[in-house]
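Report on the structure
Chain residues, written in single-letter form:
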Amino acid sequence: QVQLVESGGGLVQAGGSLRLSCAASGRTFSRYAMGWFRQAPGKEREFVARITWSGGSTLYAGSVKGRFTISRDNAQNTAYLQMNSLKPEDTAVYYCAAGTNFSSLDYWGQGTQVTVSS
C-alpha cells in the first residue's frame, strides 16, 4: 500500500511559478511509476506528466511541455512538479498517482488546488 499526499498548491498570478510535492508513504515508493494529473471545474481529469521509477524517463502533455518539470527523489519518497510560466488555463486540482506501471496507477492523492489569476 502507498499513501500519497500532495502539497504546494495555491494562488499565483499568470506567469508565476509553483512547485507541487507528492509525499509517499511505504518502503516501495522507489519501485513505482508516478504521474501528475489535473481536473478543472466541469472538465475531465487529464494527464499532465509522468516519470518512471528510476526517474530516467519522463513524458508531458503538450499543453505543459516546456513549462512544467516532473522529478522525484526516491530517498525522500517524494515526487515533484515544477510549474513555470503558469497560465489561467492551468487552474485545476492537481493529483499525483503511483503504480507499478503507467497503465495501472492504483494509488491517488487527495489533490491540491492551483489557481492562476490573469
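Above this note sits the structure.
Residues numbered from 1 in each chain as written. Predicted model: local features only at pLDDT ≥ 70, side-chain atom pairs only at ≥ 80, totals over all residues. Heavy atoms only, no water.

1. Some details on the side chain of arginine 38
Formally: Going along the chain from the N terminus, every DSSP run of H or I of four or more residues is numbered as a helix, and every run of E of two or more is numbered as a strand. Burial here depends on accessible area, computed with a 1.4 Å probe over protein chains only, as a share of the maximum for the residue type. Under 20% is buried, over 50% is exposed, and the range in between is partly exposed. For this analysis, a polar contact is any N or O atom pair within 3.5 Å, provided that within protein one partner can donate a hydrogen and the other can accept it, and provided that sequence-adjacent residues contribute only side-chain to side-chain pairs. Contact between two residues is taken to exist if any of their heavy atoms lie within 4.5 Å; hydrogens are not considered.
Tracing the backbone shows arginine 38 in strand β4 (residues 33-39). On the accessibility criterion, arginine 38 (6% relative accessible area) is buried. A polar side-chain atom of arginine 38 sits 3.4 Å from a polar atom in the side chain of serine 63. For arginine 38, the side chain forms a polar contact with the side chain of tyrosine 94, separated by 2.9 Å. Aside from chain neighbours lying at most four places away, what touches arginine 38 is Glu44, Arg45, Glu46, Val48, Ser63, Val64, Phe68, Glu89, Asp90, Ala92, Val93 and Tyr94.

2. Re the side chain of threonine 91
Looking at the element boundaries, threonine 91 is found in the loop between β8 (78-83) and β9 (92-99). For threonine 91, the side chain forms a polar contact with the main-chain oxygen of proline 88, separated by 2.9 Å. A polar contact is formed between the side chain of threonine 91 and the backbone nitrogen of valine 116, at a distance of 2.9 Å. When sequence neighbours within four positions are dropped, the list of residues in contact with threonine 91 reads Ala40, Gln113, Val114, Thr115 and Val116.

3. Focus: the sheet that holds β8
As a reminder, the rule being used: Any two strands with at least two DSSP bridges between them are considered paired. Axis geometry follows a simple rule: fit a line to the C-alpha atoms, using only the stretch in contact for helices, then measure angles between N-to-C directions, giving values from 0 to 180 degrees.
The strand order across the open sheet formed by four strands is β1-β3-β8-β7, and the pairing between neighbours is antiparallel. Of all the strands in the sheet, just β1 (4-7) and β7 (68-73) have a single pairing partner and so form its edges. Pairs of neighbouring strands in the sheet enclose a mean axial angle of 15°, with direction left out of account. In this sheet, strand β3 (residues 18-24) lies alongside β1 in antiparallel orientation, the contact comprising four bridges. For leucine 4, the partnering residue across the bridge sits in β3 and is alanine 24.

4. A closer look at the nonpolar core
As a reminder, the rule being used: We call a set of buried residues a nonpolar core when its members are Ala, Val, Leu, Ile, Met, Phe, Trp, Tyr or Cys and they connect through side-chain atoms within 4.5 Å of each other.
One finds Leu4, Trp36, Leu81, Met83 and Tyr94 to be the most contacted residues of the largest nonpolar core, which totals 31 residues. Contributing elements (two or more residues each) for this core: β3, β4, β5 (46-51), β7, β8, β9 and β11 (112-117). The residues touching tyrosine 94, leaving out its near neighbours within four places in the chain, are Glu6, Leu20, Trp36, Phe37, Arg38, Val48, Phe68, Leu81, Met83, Gly111, Thr112 and Val114.

5. Observations regarding the pattern of salt bridges
Pairs can form between side chains of opposite charge once their charged atoms are near each other. Note the following rule: By convention in these notes, a salt bridge is any Lys or Arg side-chain nitrogen within 4 Å of a carboxyl oxygen on Asp or Glu.
Enumeration over the complete set of coordinates arrives at three salt bridges. Here arginine 38 makes a salt bridge to glutamate 46, at a shortest N to O gap of 2.6 Å. The residue arginine 67 makes a salt bridge to aspartate 90 at a minimum N-O spacing of 2.7 Å. One end of the pair, arginine 67, is in the loop between β6 (58-60) and β7; the other, aspartate 90, is in the loop between β8 and β9, and 23 residues separate them in sequence.

Fair warning: the whole summary comes from geometry, so function is off the table for now.
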